[in-house]
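# Notes for the structure review
Residues per chain, in single letters:
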Amino acid sequence: MNRFGRYSLFIALFGLLLAGCDSASTNEPDATPPRVLPAEAFSLQTNLFNQNDAGKTSAGANFTAAALRVWPVSVIISANLIVPVAVTAAALQADPIQSGNTWIWNSTVVSDGHEVAFTLEGTVNGSSINWSMRVSYTDGQQTFDDFELYTAVTDFESQTGTWQLFYEIDGQRRNVLNADFVVTGEDEAAITYSVPNTADRDAGDSVMYQASGDERVFDWRQIAEGFDHLVVWDVATHAGSITATNFNNGDKACWDENLDNAACAN
């Protein structure tokens with residue numbers, strides 16, 4: 001073999017080695033675990049509309065109309081999210097182990113007086129993370145054994161994504177609530193909770209909750225009734241407004257820091 005032929009063969013073999021190294025490095029799983037979903041993606045802060053937290057036993061009609069919408073709906077949503085919030089917050093404190101492209105968090109936490117064992121798996125899929133939260137616990141009425149409580153898809157930092165919540169109803173695992181979220185901080189979040197179209201009641205209804213500094217927005221949409229209830233308030237001053245299809249002829253109505261009726265600025 002002439003010198004040029006030997007050099008050509010060497011270059012070809014070197015190229016194959018480089019390609020093999022590149023291929024191996026590409027297929028190696030990332031050594032950095034993805035960020036666990038923020039607990040804020042499963043919560044909404046509407047305590048102002050609980051009269052006990054508001055610190056006042058009476059209020060104007062405008063605030064009362066808002067409270068009669070925000071608080072009951074918040075209670076229903078929050079009741080479904082007690083366990084998801086607890087296990088997700090606990091996962092944030094746990095150290096994961098890695099299995100290929102999947103990171104696994106295992107631990108236990110006490111939620112609503114019940115010990116809950118959980119396994120959270122986050123599988124890297126390109127620039128996204130596919131999540132699965134499985135739980136085992138008994139709540140006094142039902143026993144959940146390695147039950148997949150929620151699934152989710154997020155970016156690597158878990159600041160944006162979607163999740164789907166499941167519970168067992170009449171012996172069947174049912175999708176009970178979904179959400180799209182953007183959470184960049186404790187007071188910077190936008191979450192839209194929606195009832196699946198397969199639900200037995202309130203199918204398609206949604207609540208958009210937004211936090212931006214001191215401002216809070218709660219927009220409840222009832223599909224079957226054709227109603228929209230938009231409530232906006234300031235967590236620092238407690239002043240706010242309601243614009244609802246079935247209140248005040250659909251016109252905006254406001255209250256001040258004392259929760260009394262007030263003229264709207266605009």
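See the structure above.
Let me sum up the structure you'll find in this document. As a convention, each chain's residues are numbered from 1 in the sequence order in which they are written. Residue-level local features of this predicted model are given only where pLDDT is at least 70; pairs of side-chain atoms are given and counted only at 80 or more, and the full residue set underlies all totals for whole chains, interfaces and linings. Excluding hydrogens and water, the side-chain values take into account all heavy atoms of the structure.

## Focus: the environment of K252
Helix numbering and strand numbering both begin at the N terminus, where a helix is a DSSP run of H or I of at least 4 residues and a strand a DSSP run of E of at least 2. For K252, the position within the fold is in the loop between β12 (240–244) and β13 (253–255). Sequence separation between K252 and I242 is ten residues, and the spatial gap between their C-alpha atoms is 5.7 Å. A contact between two residues is defined here by any heavy atoms of the two lying within 4.5 Å. Residues within four places of K252 in sequence aside, it is in contact with S241, I242, T243, C264 and N266.

## Some points on the nonpolar core
Looking at soluble globular proteins, one finds that nonpolar side chains tend to be buried together. As used in this record, nonpolar core signifies buried Ala, Val, Leu, Ile, Met, Phe, Trp, Tyr and Cys residues forming a set joined through side-chain atoms within 4.5 Å. Buried means the residue's accessible area, taken with a 1.4 Å probe over protein chains only, is under 20% of the maximum for its type, while exposed means over 50%, and partly exposed covers the values in between. Core analysis: the biggest nonpolar cluster contains 62 residues, and F49, W163 and Y193 have the highest contact counts within it. When residues in this core are grouped by element, the largest group, 13 residues, is from helix α3 (residues 61–91). Dropping the residues within four chain positions of it, W163 is found in contact with A41, F42, L81, T151, A152, L177, N178, A179, F181 and Y193.

## What to know about the pattern of salt bridges
Salt bridges are counted wherever a side-chain nitrogen of Lys or Arg sits within 4 Å of a carboxyl oxygen of Asp or Glu. Following the criterion strictly, the structure yields eight salt bridges and no others. R173 serves as the salt-bridge partner of E148, at 2.9 Å between the closest nitrogen and oxygen. Pair noted here: E148 is in strand β5 (residues 143–155) and R173 is in strand β7 (residues 172–185), with a separation of 25 residues, a long-range link. On the basis of relative accessibility, which here comes to 38%, the residue R173 falls in the partly exposed class. Where R221 meets D228, a salt bridge forms, and the shortest distance between an N and an O atom there is 3.4 Å. Among the residues examined, R221 registers a relative accessible area of 46% and is labelled partly exposed. Assessed through its relative accessible area of 26%, D228 is described here as partly exposed. Salt bridges here are not isolated pairs; linked through shared partners, they connect D219, R221 and D228.

## Here we look at the pairing of strand β2 (residues 102–111)
Strands pair, by our definition, only if DSSP identifies at least two bridges between them. Alignment of strand β1 (residues 97–99) against β2, held across three bridges, turns out to be antiparallel. Bridge pairing in β2 places Q98 opposite W103. Here β1 hands over to β2 after two residues, with G100 in that stretch at a positive phi of 65°. Bridge count for β2 against strand β3 (residues 114–125) is ten bridges, and the pairing is antiparallel. Note that in β3 the partner of T108 across the bridge is A117. Hairpin geometry of β2 and β3 is characterised by an intervening segment of two residues between the two adjacent antiparallel strands and by a positive phi of about 55° at D112.

## Focus: the packing of aromatic side chains
Ring pairs are drawn from Phe, Tyr and Trp, using the six-membered ring of Trp, whenever the two centres fall within 6.5 Å, and their geometry is named by plane angle: stacked under 30 degrees, edge-to-face over 60, tilted for the rest. Taken as a whole and judged by the stated rule, the model has eleven aromatic pairs. The interplanar angle of 65° and the centroid separation of 6.4 Å between the aromatic rings of F144 and Y167 together place this pair among those described as edge-to-face. One end of the pair, F144, is in strand β5; the other, Y167, is in strand β6 (residues 160–169), with 23 residues separating them in the sequence. Each member of the pair, F144 together with Y167, is buried. Each member of the aromatic cluster is reached from another via a ring pair, and the members are F42, Y150, W163 and Y193. Both a distance and an angle decide whether a charge sits over a ring: NZ of Lys or CZ of Arg must be within 6 Å of the ring centre and within 35 degrees of the ring normal. The ring of F147 has R173 sitting right over it, with the charged end atom 6.0 Å from the ring centre. In this structure, R173 packs its charged tip against the face of F166, placed 3.6 Å from the ring centre.

## Some points on unusual backbone geometry
Even without being glycine, D170 reaches a positive phi, approximately 55°. Looking at the secondary structure, you find D170 in the loop between β6 and β7. Positive phi, close to 70°, is recorded for L259, a residue that is not glycine. Classification of L259 as buried rests on a relative accessible area of 2%.

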